[in-house]
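Coordinates in review
Here are the chains, one letter per residue:
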Amino acid sequence: MPSPRRFTDLPYARHLRAYDGPLAEGGDYDTVHLDGAAYDGAVADHARFLECALSAVTFTAGRLRGTRFNDVWLDGVRWVGTGLAETDWTDAELIGCVLAGLEAFGATLHRVTFHRCKFESVNLRTATLREVTFADCLLRDVDFGGAALTRVEFPGSALEGVRFVGARMDGTDLRDATRLEISDGHDALRGSVITGAQLIELAPAFADVLGITVKDHGRAGR
C-alpha cells in the first residue's frame, strides 16, 4: 500500500493558486489551493474541482450535489452534515479526513484512496465504487445499500455496523480489514474475498440468512 502523498509530491503543486473565496453553484475551480477555509452552509451544486488541493478545510451543512472532483488531494478536511449526493470523484486522495452525517447517495468514486479517514453515519446508498481503497480507516454506521463495489479494498480498516443490503460486489477484498462488523446485508458479500477466520465469525449471520437452525444436542447413554 503506497504512502499518502505530501503536498509537494503533487505534480501540479507549483501551479496551484491560493483561493479563499466563496463557493458557487456551477463554479469552476481549476488548480487552486484551499487552505484552512471554513464553509458553513455553502451551496455549490454541480461545481467542478480539477487538480486542486484542500488542506484543513471545513464544510458544515451546505450542499455540493452533482459536483465533480477530478485529480484532487484533500488533507485534514472535515465534512459534517454536507450534501454530497451524486458527486463524481476520479483520481482523488483523501488523508486524515472526517466525514460525518453525509448524504452521498448515488456518488461515483473511481480510483479514490482514503488514508486514515473516519466515516460516521455516511449514506453511500446506490453509490458506485471502482478501484477504491480504504486504508487504515474507521467506517462506522456506513450504509452501502444498493451500491456497486468493484475492486474495493479495506486494508487496516475497521468496519463497524456497516450495511450492505442489496449491494453488489466484484473482487471486493475484505481480508485485511481489522474488524468486520456487518449489521445487515450479509448475502451481499457474494463476490467478495474474506479470510477463513472472518468466515467463522460471520457464520452465525450466514446461517440466519440461509434459514439454517444450528442446534447441538447430546445423546445421553449412547
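Thresholds applied
Numbers given to residues run from 1 along each chain, matching the order in which its sequence is written. In keeping with the predicted nature of the model, local features appear solely for residues at pLDDT of at least 70, side-chain atom pairs appear and are counted solely at 80 or more, and the whole-chain, interface and lining totals rest on all residues. Hydrogens and water molecules were not included; the side-chain quantities draw on all heavy atoms of the structure. Here, strands pair whenever DSSP counts at least two bridges between them. A run of H or I in DSSP becomes a helix once it reaches four residues, and a run of E becomes a strand once it reaches two; helices and strands are each numbered from the N terminus. In this analysis, axes come from line fits to C-alpha atoms, helices being fitted only over the stretch in contact, and the angle between any two N-to-C directions falls in the range 0 to 180 degrees.

Description of the sheet that holds strand β14 (residues 138-140)
The strands that make up a sheet pair up through hydrogen bonds in the backbone, lying either parallel or antiparallel. What the eight strands build is an open sheet, ordered β4-β6-β8-β10-β12-β14-β16-β19; its pairing is parallel. The open sheet has two free edges, formed respectively by β4 (38-40) and β19 (179-184), since each of these has just one partner strand. Put simply, the sheet's adjacent strands are angled 5° from each other on average, direction ignored. Where β4 and strand β6 (residues 58-60) come together, three bridges link them in parallel fashion. Bridging across to β6, A38 finds its partner in T58.

Re the pairing of strand β3 (residues 32-35)
By the bridge criterion, two bridges tie strand β1 (residues 17-18) to β3 in an arrangement that is parallel. The residue of β3 that forms the bridge with A18 is H33. Sheet topology places β3 next to strand β5 (residues 48-55); three bridges connect them, and they run parallel. From the neighbouring strand, H33 faces β5, where its bridge partner is A53.

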